[in-house]
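For reference, the chains in residue letters:
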Amino acid sequence: MEQPLDEKDLERKLKKEHKAREKEEKKLRAKQKEAARLQAQAASDGARKSEKKQKKKGAIDENPEDFVDPDTPTGQKKLLASQMAKQYSPSAVEKSYAAFLTSVNHADAMIRWRRMSGYNALWVPGMDHAGIATQVVVERKLMRERKLSRHDLGREKFLSEVNNWKDQYGGTILRQLRMLGASLDWSRECFTMDSRRSKAVTEAFVKLYKEGLIYRDIRIGHWDCTLRTAVSDIEVDYLELKEETLLVVPGYNIPVQFGVLISFAYPLEEGLGEIIVATTRIETMFGDTAIAVHSQDERYKHLHGKYAIHPFNGRKLEIICDDELVKTNFGTGAVKITPAHDTEDFKAGKRHNLDFINIFTDDGNINENGGSQFEGMPRFTARAAVIDALKAKGLYRGMKNNEMKLGRCSRTNDIVEPMIKPQWFVNCNTMAKAALDAVKSKEIEIIPPQYEQDWYRWLENIRDWCISRQLWWGHRVPAWYVTLEDDEEKDMGSYIDHWIIARNENDAILEAEERYPGKKYQLDQDPDVLDTWFSSSLFPLSIFGWPDDTADLSTFYPTSVLETGLDILFFWVARMVMLGILLGGDVPFQKIYLHPIIRDAHGRKMSKSLGNVIDPIDVINGITLEGLQKKLEQGNLDPDELEKAKEGLKKDFPDGIPECGTDALRFALISYTSQSDKINLDIKRVHGYRLWCNKLWNAIRFAMIKLGDQYTPQTTVVVDSMPPVCRWILSVLNKSVGKTVSSLEAYKFSEATSSIYSWWQYQLCDVFIEAIKPYFNDSQEFEAARGASRDTLWLCLNTGLRLLHPFMPYVTEELWQRLPQPKEACMKDSIMISEYPSTVQEWENDQVENEMEIVLDAVSKLRSLRPPTDIHERRPSFVLCRNLEIAATVQCYQAQIATLASVSSLKILIEDDPSPPGCATNIVNKDLAVYLQLRGALNTEVEHEKLRKRREEVQKQHDTLSQKMNASGYREKAPQSKQDDDMKKIASLLEELEIISEAESKLDANN
């Protein structure tokens, strides 16, 4: 135990600590100065020019430290620099918010929006243990680094290796979620193999078994000979082979032949000759127990009930009729039946009560049933050996190309082998019906709705679910086998009634003693583990504490929304629904939102073997080509795959991936078309949104300058007294708010992002901010407009940032924190707990929007008249108004038109005024034309071409509308109001055609 310090020692210690703090502070200041210097050095030429302008105006030299954010303690609200940096930097903005804001794309946008809308919103982070995937990675690592298999290590040591790997690498996805700004409740983080989730898995197994829904049986399924385990459908990829194809298979030094149909003869008994069969897997003939023909095939009617003799073991194979299995026009019309190694043959074997003979060991070698000549051979080595042996016996009949589907395990690339094994199964019939009814009755809504039919199709044809896996990493099956001393068969599983299902070994012992009183026995737990999907399917229940009756369970179950990928709709989602209804008494969620699957820019599935898997962290932080290739080298690719992958990276990312930041990546992923089932991720598009973040940054910088240090926002504004352009931006903002909220409610995320982007980019930045700049020239004339513009600008930025926040959490948080707040308001600590915008009726103004639509059309037409050689030169312009209403509108917005079109002056003309000479012209609509004075001779050819194109455009609109109005049934079916509107449009288009003709005539007359 340490002795307390005396006063002198304590004083010396405090001085030492004080000096250490001073030293650290000195280092920190040095770092801040260096960061400021690098930031200034990295500024663009445009920024340097801006600084020169400021110096010319007598601006005070800036202190670089004013632009550097102070260090923020982990988990606390970010400390901001006194001045905004001149350019947006993703890393600078995001680094200190990672622990404070810590979401993903669609799911995170939903949770942030709902939280800001006042809901008690919860998103729980959780990870499954990825049984097969994790075991494969660790096994490969052991073999690569230590030349050991899991069997060399033994179960306990191997599991220790897996746990070490999990601790080091298992949190990658959660780290990615944190970097993506995931707004999860990290205090509830859970893992399928933690103690609470493991308890739930055991309880679910026991309950289902007691209800007769879990049983043990010998069935056929996909077997991976490399992993030595059954694999589910989701782990099998199918190759479509058109002809003979040589493929590399793990464990074989030379490629293996596939895509061929091999014919050979079975001798018949009683001297009846031979019967020729065809197969794509000739090595399986050791397991043949019958030959099937079609009952109506005349070629074989005389052989019904006869026998063929196996050439290698003498086994008698009965010739049976099976019209369900045999197609007379395929092969020879005679089919060898291998019930233990083919799915269809398995069914035929059940129908005809045939023998089931397994010929493979778990690792894919021929077992004792192959005879001494072939026993111990790897299956594809035996393939060639069998052909040679058949040739030697004179029974080989040839080979031909054959189209076929070949299953490969996505985890190991091995060819999956159909094998019969004793496994644990879940009877899904009653649960599947409940899950079907839940969607049909709209208790659960699937979004997009077109996937409902897939849901129905799969659940209506569901098969029992194999939930056991011959792995070591996972939840051990809570089943114990009793081997009695007097049992004749001592192998585990020999007697189906000797299994005991229990929550733990003590309970199993108690049941064994009760079931077999006074008998000597040995109790062994099933070495198999449960399918990862079994524990994952319990997640909606287990994350809230089930099977215990917890407050969380009663508060949050059923949940509101599941957001996931289409590819696991059945493997995970349907099973969550089935188990949720059965064990939780209700559907686990009310809506299922299926997001698109991310592919590369070429539309290819992201695959490690292709080298096209993109780590989101690399998009966020940026990475060199060398860095990308180095990461590949740290993976599990074989040398050939590694070289191909490196070439793919070099082609797609010759300069690496630029730093894009979290916000840009999130916005890009959400903005892709949401109703598509895939996203072709283009990094250039992501980088485009990173540049857009800079636009937002500059908008706030402009605002902070124009608002000034003394500005205090008003809690309420009188919209009617504002300049028209202020009323317009609030009205279109109101529409964007309404569109965004309705899109979020309908799960149309891309429409929400499109609405927000359009308002920020095309209405706020391109129009409003440019239009109000003249108000800030210190003129007394604009005092009222200047004040209104400040209030409007603050309203727009405050509302716009909150509107954007669910999609871009980092940059919106930083910028929102910099906005001044009203005195009366109690400012929230974070934008993510502020109120999400809703529409304001007082802001709605259709009249101003219609007027601004005309104004912006006129601006666009004027801009198009500027010669490309001197687009920055301001020239005189004219607006020809053909009625008083248009003239009044133009006069009201005259200053805005001149500012936005960058003209030196704008004169309003009426219909009787002569056309201004030396001007290029453009038709805005039937009531409005614009002119721009050009220097030098007018190029009449160019002007005629513009008018010609406009004529073609208007004529096309006229012809299309006329065709519609003249169509059969139009007058009978179209409402009268619609017909009246169409007549007005036709008249307007005809007037515009006359105006174009008039402009052409004037152009000719002036020349």
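Residues numbered from 1 in each chain as written. Predicted model: local features only at pLDDT ≥ 70, side-chain atom pairs only at ≥ 80, totals over all residues. Heavy atoms only, no water.

Looking now at the overall build of the protein. Scanning the protein from terminus to terminus reveals 34 helices and 31 strands. Total accessible area computed for the protein in this model is approximately 50300 Å², and 49% of it derives from carbon and sulfur atoms. (Helix = DSSP H or I, 4+ residues; strand = E, 2+ residues; numbered from the N terminus. Areas by Shrake-Rupley, 256 points an atom, 1.4 Å probe, with all protein chains shown as cover.)

Here we come to the pattern of salt bridges. Enumeration according to the criterion identifies 56 salt bridges in this entry. One salt bridge in this structure joins Lys 166 and Asp 167, with 3.4 Å as the shortest N-O distance. On the basis of relative accessibility, which here comes to 24%, the residue Lys 166 falls in the partly exposed class. Using a relative accessible area of 58% as the deciding quantity, one classes Asp 167 as exposed. We note a salt bridge from Glu 953 to Arg 950, for which the minimum N-O separation is 2.9 Å. On the criterion of helical spacing, the pair formed by Glu 953 and Arg 950 is a turn pair, its members being 3 residues apart in helix H32 (residues 940-965). (Salt bridge = Lys/Arg side-chain N within 4 Å of Asp/Glu carboxyl O. Buried < 20%, exposed > 50% of the residue type's maximum accessible area, 1.4 Å probe, protein only.)

Attention now moves to the sheet that holds strand E13 (residues 334-337). The strand order E11-E12-E10-E13 describes an open sheet built from 4 strands, whose pairing is mixed. Where the open sheet ends on each side, the last strands, each with one partner, are strand E11 (307-309) and E13. Strand-to-strand twist in this sheet, taken as the mean axis angle between neighbours without regard to direction, amounts to 30°. (Pairing = 2+ DSSP bridges. Axes fitted to C-alpha atoms, helices over the stretch in contact; angles between N-to-C directions.)

Another aspect to go through is helix H11 (residues 343-352). Here H11 has its buried residues at Asp 345, Phe 346, Ala 348 and Gly 349. For H11, the arc enclosing every buried residue in end-on projection is 165°, short of the 170-degree limit, so these residues lie on one face. Contacts from the buried residues of H11 go to strand E3 (214-224), E13 and strand E16 (417-426). In this structure Asp 342 caps H11, since a side-chain oxygen of it lies 3.0 Å from the backbone nitrogen of Glu 344. Asn 353 sits one or two residues past H11 and shows a positive phi near 55°. (Arc of directions from axis to C-beta. Contact = heavy atoms within 4.5 Å. Polar contact = N/O pair within 3.5 Å; in protein donor to acceptor, adjacent residues only side chain to side chain.)

Viewed as axis vectors pointing N to C, helix H25 (residues 724-745) and helix H27 (residues 783-804) meet at an angle of 10°, and their least axial separation amounts to 10 Å. Classified by the interaxial angle, the pair formed by H25 and H27 is roughly parallel. Pair H25 / H27 crosses with left-handed handedness. Within the contact between the two elements, H25 uses Cys 726, Ile 729, Leu 730, Leu 733, Ser 736, Val 737 and Thr 740 and H27 uses Ala 788, Ser 789, Thr 792, Leu 795, Cys 796, Thr 799 and Leu 803. Its residues assigned to classes, the contact of H25 with H27 shows 9 nonpolar, 5 polar and no charged. (Parallel < 35°, antiparallel > 145°, perpendicular 65-115°, else oblique. Left-handed = near helix turned anticlockwise from the far one by under 90°. Nonpolar A, V, L, I, M, F, W, Y, C, P; charged D, E, K, R; others polar.)

Once that is clear, we can look at the state of the cysteines. Enumeration according to the criterion identifies 0 disulfides in this entry. Its sulfur unpaired, Cys 726 is 8.2 Å from the next cysteine sulfur, which belongs to Cys 796. Take Cys 726: its relative accessible area is 0%, and that puts it in the buried class. (Disulfide = S-S within 2.5 Å.)

Another point: a negative patch on the surface. Together, Asp 638, Asp 640, Glu 643 and Glu 647 make up a region of like negative charge exposed at the surface. For Glu 643, the position within the fold is in helix H22 (residues 639-652). (Patch = residues over 30% accessible without salt bridge, like charges linked within 9 Å, V, L, I, M, F, W, Y side chains within 5 Å. Lys, Arg positive; Asp, Glu negative; His and termini not counted. Charge placed at Lys NZ, Arg CZ, Asp CG, Glu CD.)

A separate point is the packing of aromatic side chains. The way to describe two aromatic rings as a pair is by their centre distance and the angle between their planes. Applying the stated rule across the entire model yields 26 aromatic pairs. Ring centres of Phe 544 and Phe 556 lie 5.7 Å apart, and the angle between their planes is 25°; on these two criteria the pair is classed as stacked. Here Phe 544 is found in the loop between helix H17 (539-542) and helix H18 (551-556), whereas its partner Phe 556 is found in helix H18, with 12 residues between them in sequence. Here Phe 544 and Phe 556 have matching classes, each one buried. (Phe/Tyr/Trp six-rings, centres within 6.5 Å; stacked < 30°, edge-to-face > 60°.)

Bringing the pairing of strand E9 (residues 274-279) into the picture now. Note: strand E8 (residues 260-267) against E9, 6 bridges, orientation antiparallel. Residue pairing for E9: Pro 267 is matched across the bridge by Glu 274. What sits between the antiparallel neighbours E8 and E9 is a turn of 6 residues, in which Glu 270 has the positive phi angle 60°.

Ordered in space as E9-E8-E14, the 3 strands form an open sheet in which the pairing is antiparallel. In this open sheet, the two edge strands, each paired with only one partner strand, are E9 and strand E14 (396-401). Across this sheet, the average inter-strand angle for adjacent strands is 20°, counted without regard to direction. The pairing of E8 with E14 spans 5 bridges and is antiparallel.

On to the side chain of Arg 786. In this structure, Arg 786 sits in helix H27. With near-sequence residues (within four places) excluded, Arg 786 lies in contact with Tyr 775, Phe 776, Asn 777, Asp 778 and Ser 779.

Now for helix H9 (residues 172-179). Turning to H9, its buried residues are Leu 174, Gln 176 and Leu 177. Around the axis of H9, the buried residues are gathered within 155° of arc, so they sit on the same side. Two residues or fewer after H9 comes Gly 181, characterised by a positive phi angle close to 80°.

As a further point, take the environment of Leu 928. Relative to the helices and strands, Leu 928 resides in strand E31 (residues 928-933). Overall, the relative accessible area of 1% leaves Leu 928 in the buried class. For the pair Leu 928 and Ile 910, spaced 18 residues apart in sequence, the C-alpha to C-alpha distance is 9.7 Å. With residues up to four places along the chain from it excluded, the contact list for Leu 928 reads Ile 854, Ala 858, Val 879, Leu 880, Cys 881, Ile 886, Val 890 and Ile 923.

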